[in-house]
Amino acid sequence: MIKSIVLARKDVSSNFYSWLGILIFSVFFLAAGILFALVVVKYVGISMEAARNGYQNVEGLIMTHFIFGSLFADLGLVVLCLVPLVSMRAFSEERKQQTMELLFTYPLSDFDIVVGKFLSLIWFFALLIFPTLGYLYLFQWLGGSFEWGPVLAGYLGLLLLGAAFLSLGLFISSLTANQVISALLTFGLLVLLWSLEGLMGLANDPWARWLQQISPLTHFREFTFGIVDLGHVAYFVFFCLYFLFMSLRVIEARNWKG
Amino acid sequence: MAEMAEGRKTRVAEPEAPVMVRMECVSKKFGSLRALDQVSFSLRKGEVLGFLGPNGAGKTTAMRILSGYFPPTEGRVWIGGDELFKNSEQAKKRIGYVPEALNFYGDMRVSEFLDFVAQIKSVPSKIRHAHIEEKIERCGLPEVGHRLIGQLSRGFRQRLGLAQALIGDPDVLLLDEPTGGLDPKQIKEIRHLIRELGRERTLILSTHILPEVSMVCDKVMIFNQGRVVATGTADELESGLRRERYEIFVVMGDRHRKDDALAIFHALPGVDGVTVLEEQGDRVSFSLFAPRGTELRPVISKLFVEQNIPLLEIRASKLSLEQIFLKIVLDEQMAQQEP
């Protein structure tokens, strides 16, 4: 486990040495900033409307739900677009640089390697999303008021969503040395999974219901409303474990060839 | 030649030294290709073994199996007392491996990378800094410690390869083509370093450059098409082959008499493999093989004098390792084509 952390630290710092890493970081921070700005505009609009209609205390839970719910849903989409770019490097880069040979000959188990890669992705992702808390502080400082609890639930949802997406991306990157293919394939699969929710919502069939349950969006939505349901947490954990297991099988596959 | 004589070690590991590396009937198949076929050997602590063979003979495959990169299709490998693919983390701690490609993380700094390796190899944090400094010093890397690996020359990458392999002080060092792509000065430095390392560790290196083997190795294994076709010390291999025949070089000074000279050679008893090596102006040089135990030089010079052909040079040569190698590999190929 300590070795996994060592591996992860190497990857995270190499992300920040690369233009791509810095670019992803900047784009996410900017996109989140714009989304926050829109929230503020909406907030101002609503509170002015409320004041005109004579309501005194609309802030609090309902406001939080109303405003931040859509914010987290939008951030989820940004994550969907950026995750393939974060995860594409994981194994593909090692394969391309042919440094896998090195890792395989160090005293590391395949498990250490897969967990290390996954940790590095989550680590980088956490570094992406947590600075955006600064926007919330700014919002509060400017006089906005909201409940922290539901917002933190939203962050938890975002983190779980990112982890699930990253585990899928990690698996895809273990299959190819080509980062472009890795990113595109991950993006395609994520879009498919994401849209299952909406598509299957149209049909009225038990199978459609079941397929809808596969979509991360179904499970992510409640977090955006500020609700932490253990069932949904379990879904994301299982999702991650499944793809970590698959990645491990791919890495171990070199042992069966021939 | 002087370097060879100085370099070749007569040291043989003490018989009671523990066996550090053992391969038992190891084969590796890639699809239908047999990259390695029933290879067995064992190496005692402190011995230096050279894998020799043309490109694609199976040296790198053997190296990669020993390094733990992939397991063999059949057979077993022990490093120290641990079976490599059963107790692999334990076994891999005893191995330092320098891959041929020398691909390291290009965006890391030299010292940063070595620190990473030291952590992966569980070097205790108290001594880690000193440990890394020592390896940097040892491998001649101090001046590039803060440079990005991606910007290092091949010579420095080779040194870095050795340094990362030495981290954790492994008992067994595996060097795949350690002098590939280096300039002559760098080759000399690296060989010097390898020789030093070989004094205290069990070392296996692969190469297709012959003098390298005779310079640094106690034992040689010659690979061809995945099989070990000969094994022994460089001297043993040499004398084994010289038992049958030896080579004579003749240089004459009149190219118009070439056919006369050839007639003389062909008329000699037991001589074969007569070839014209070079024609330069009037000088023509020949090479021929004579059966062991005969001395043909006086006969040849006498015949040349009698026929009034200017003889400039005549000497018998020991078969070089290069010729042994070529002969073994060629014989192998001929034997395979015959049936």
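Residues numbered from 1 in each chain as written. Chains lettered and ligands numbered in written order. Predicted model: local features only at pLDDT ≥ 70, side-chain atom pairs only at ≥ 80, totals over all residues. Heavy atoms only, no water.

## Comments concerning the overall build of chain A
In step 1: Check the secondary structure of chain A and you find 12 helices and 0 strands.
In step 2: Along chain A, helices (α) and strands (β) appear in the sequence α-α-α-α-α-α-α-α-α-α-α-α when read from the amino end.
In step 3: For a compact globule of 258 residues, the expected C-alpha radius of gyration is about 18 Å, and chain A comes in at 20 Å, within 12% of that figure.
In step 4: Its C-alpha atoms give chain A principal-axis dimensions of roughly 75 × 45 × 30 Å.
In step 5: Among the 258 residues that make up chain A, the fraction classed as buried is 52%.
In step 6: Within chain A, contacts between residues separated by at least 24 positions form 77% of all contacts whose residues are at least 6 apart in sequence.
In step 7: For chain A, the exposed area adds up to about 12,100 Å²; of that, 73% sits on carbon and sulfur atoms.
In step 8: The averaged location of the 15 negative side-chain charges in chain A is 9 Å from the averaged location of its 14 positive side-chain charges. (Helix = DSSP H or I, 4+ residues; strand = E, 2+ residues; numbered from the N terminus. Rg over C-alpha atoms; globule rule 2.2 N^0.38 Å. Buried < 20%, exposed > 50% of the residue type's maximum accessible area, 1.4 Å probe, protein only. Contact = heavy atoms within 4.5 Å. Areas by Shrake-Rupley, 256 points an atom, 1.4 Å probe, with all protein chains shown as cover. Lys, Arg positive; Asp, Glu negative; His and termini not counted. Charge placed at Lys NZ, Arg CZ, Asp CG, Glu CD.)

## Section: the interface of chain B and chain A
In step 1: Counting residues at the interface gives 31 residues for chain B and 28 residues for chain A.
In step 2: Carbon and sulfur atoms make up 57% of the area that chain B and chain A hide from each other, which totals about 2,600 Å².
In step 3: For the salt bridge of Lys3 of chain A with Glu89 of chain B, the shortest nitrogen-to-oxygen distance reads 3.6 Å.
In step 4: At the boundary of chain B with chain A, the tally comes to 8 residue pairs in polar contact (both at pLDDT 80 or more). (Buried area = accessible area lost by both parts, 1.4 Å probe. Salt bridge = Lys/Arg side-chain N within 4 Å of Asp/Glu carboxyl O. Polar contact = N/O pair within 3.5 Å; in protein donor to acceptor, adjacent residues only side chain to side chain.)

## What about empty space enclosed by the protein?
In step 1: Counting across every chain of the model gives 2 cavities of 30 Å³ or more.
In step 2: Size it by volume and the largest cavity reaches roughly 190 Å³.
In step 3: Forming the boundary of the largest cavity are 17 residues, of which Asp11, Ser14, Arg89, Glu93 and Lys117 of chain A lie nearest the centre.
In step 4: Every element with two or more residues in the lining of the largest cavity is listed here: helix H1 (2-17), helix H4 (90-97) and helix H6 (110-129) of chain A.
In step 5: As a volume, the second largest cavity reaches approximately 30 Å³.
In step 6: Lining the second largest cavity are Thr105 and Tyr106 of chain A together with Ile95, Gly96, Tyr97, Lys121 and Gln164 of chain B.
In step 7: Tallying contributions element by element places strand E6 (residues 95-98) of chain B first for the lining of the second largest cavity, with 3 residues.
In step 8: Grouping the constituent residues of the lining of the second largest cavity by class yields 3 nonpolar, 3 polar and 1 charged. (1 Å grid on protein atoms, 1.4 Å probe; cavity = no way out; pocket = protein on both sides within 12 Å on 5 of 7 lines; lining within 4 Å. Points joined across faces, edges and corners; volume = space filled by probe spheres on them. Nonpolar A, V, L, I, M, F, W, Y, C, P; charged D, E, K, R; others polar.)

## What about the packing of helix H10 (residues 258-267) of chain B against helix H11 (residues 297-306) of chain B?
Residue and element names in this part refer to chain B.
In step 1: Look at H10 against H11: their axes get within 11 Å of each other, and the N-to-C directions meet at 145°. Judged by the twist between their axes, the crossing of H10 over H11 is right-handed. Of the residues in H11, those in contact with Ala261, Ile264 and Phe265 of H10 are Ile300, Leu303 and Phe304.
In step 2: A class-by-class count of the residues in the contact of H10 with H11 yields 6 nonpolar, no polar and no charged. (Axes fitted to C-alpha atoms, helices over the stretch in contact; angles between N-to-C directions. Left-handed = near helix turned anticlockwise from the far one by under 90°.)

## Details of helix H7 (residues 133-141) of chain A
Residues and elements named next belong to chain A.
In step 1: Listed in full, the buried residues belonging to H7 are Tyr135, Leu136 and Phe139. Seen end-on, H7 carries its buried residues on one side only, within an arc spanning 100°. Across from the buried face of H7, at angles greater than 90 degrees, the exposed residues are Tyr137 and Trp141.
In step 2: Phi turns positive, to about 110°, at Gly143, one or two residues after H7. (Arc of directions from axis to C-beta.)

## Some details on the packing of aromatic side chains
All names here are of chain B.
In step 1: According to the stated counting rule, one finds 26 aromatic pairs over all chains in the structure shown.
In step 2: Ring plane angle 65° and centroid distance 4.9 Å describe the contact between Phe51 and Phe223, whose orientation is recorded as edge-to-face. Pair noted here: Phe51 is in strand E3 (residues 48-52) and Phe223 is in strand E9 (residues 219-224), with a separation of 172 residues, a long-range link.
In step 3: Residues Phe265 and Phe286 carry aromatic rings whose centres are separated by 5.1 Å and whose planes lie at 70° to one another, so their mutual orientation is edge-to-face. Separated by 21 residues along the polypeptide, Phe265 in helix H10 and Phe286 in strand E13 (residues 283-291) bring together distant segments of the chain. (Phe/Tyr/Trp six-rings, centres within 6.5 Å; stacked < 30°, edge-to-face > 60°.)

## Structural notes on the nonpolar core
In step 1: Phe68 of chain A together with Phe41, Phe51, Phe113, Phe116 and Ile204 of chain B are the most contacted members of the largest nonpolar core, which totals 148 residues.
In step 2: Once residues within four sequence positions are removed from consideration, Phe41 of chain B is found in contact with Val21, Arg22, Met23, Leu49, Phe51, Leu66, Ile204 and Met221 of chain B.
In step 3: Within the second largest apolar cluster, 19 residues are counted, among which are Val274, Leu288, Leu296 and Ile309 of chain B. (Core = buried A, V, L, I, M, F, W, Y, C linked by side-chain atoms within 4.5 Å.)

## Concerning the side chain of Lys10 of chain A
In step 1: Tracing the backbone shows Lys10 of chain A in helix H1.
In step 2: Only 3.1 Å separates the side chain of Lys10 of chain A from the side chain of Glu94 of chain A, close enough to count as a polar contact.
In step 3: Sequence-distant contacts of Lys10 of chain A, defined by excluding residues within four places in its chain, comprise Glu94 and Lys117 of chain A together with Tyr105, Met108 and Phe116 of chain B.

## Digging into the side chain of Arg257 of chain B
Residue and element names in this part refer to chain B.
In step 1: Along the polypeptide, Arg257 turns up in the loop between strand E11 (245-252) and H10.
In step 2: One polar contact links the side chain of Arg257 to the main-chain carbonyl oxygen of Asn308, over a distance of 3.3 Å.
In step 3: Setting aside its immediate chain neighbours within four residues, Arg257 contacts Met252, Gln307, Asn308 and Ile309.

## A few points about the sheet that holds E3 of chain B
All names here are of chain B.
In step 1: Strand order in the open sheet formed by 6 strands is E6-E7-E8-E3-E9-E10, and the pairing between neighbours is mixed. Looking at the sheet topology across the chains shown, the edges are occupied by E6 and strand E10 (227-232). The sheet shows a mean angle of 15° between the axes of neighbouring strands, direction not considered.
In step 2: As paired elements, E3 and strand E8 (residues 202-207) share 5 bridges and run parallel to each other. Residue pairing for E8: Gly50 is matched across the bridge by Leu205. (Pairing = 2+ DSSP bridges.)

## Topic: helix H4 (residues 110-120) of chain B
In step 1: Counting buried positions over the 11 residues of H4 of chain B gives 8, a clear majority of the element.
In step 2: Inspection of H4 of chain B places Val110, Phe113, Leu114, Phe116, Val117, Ala118, Gln119 and Ile120 of chain B among the buried residues, and these make up the whole buried set.
In step 3: Its buried side turned inward, H4 of chain B meets H1 and helix H5 (100-105) of chain A together with helix H5 (125-138) and helix H6 (154-166) of chain B.

## Looking at the sheet that holds strand E1 (residues 19-30) of chain B
Residues and elements named next belong to chain B.
In step 1: Pairing is antiparallel across the open sheet formed by 4 strands, whose spatial order is E2-E1-E4-E5. Two strands bound the open sheet, and with one partner strand each, they are strand E2 (33-44) and strand E5 (82-83).
In step 2: Relative to strand E4 (residues 74-79), E1 runs antiparallel, the two sharing 5 bridges. In the sheet register, Arg22 faces E4, and the bridge partner there is Trp78.
In step 3: Across the sheet, helix H2 (residues 59-67) touches E1, E2 and E4, and the angle it forms with E1 is around 120°.

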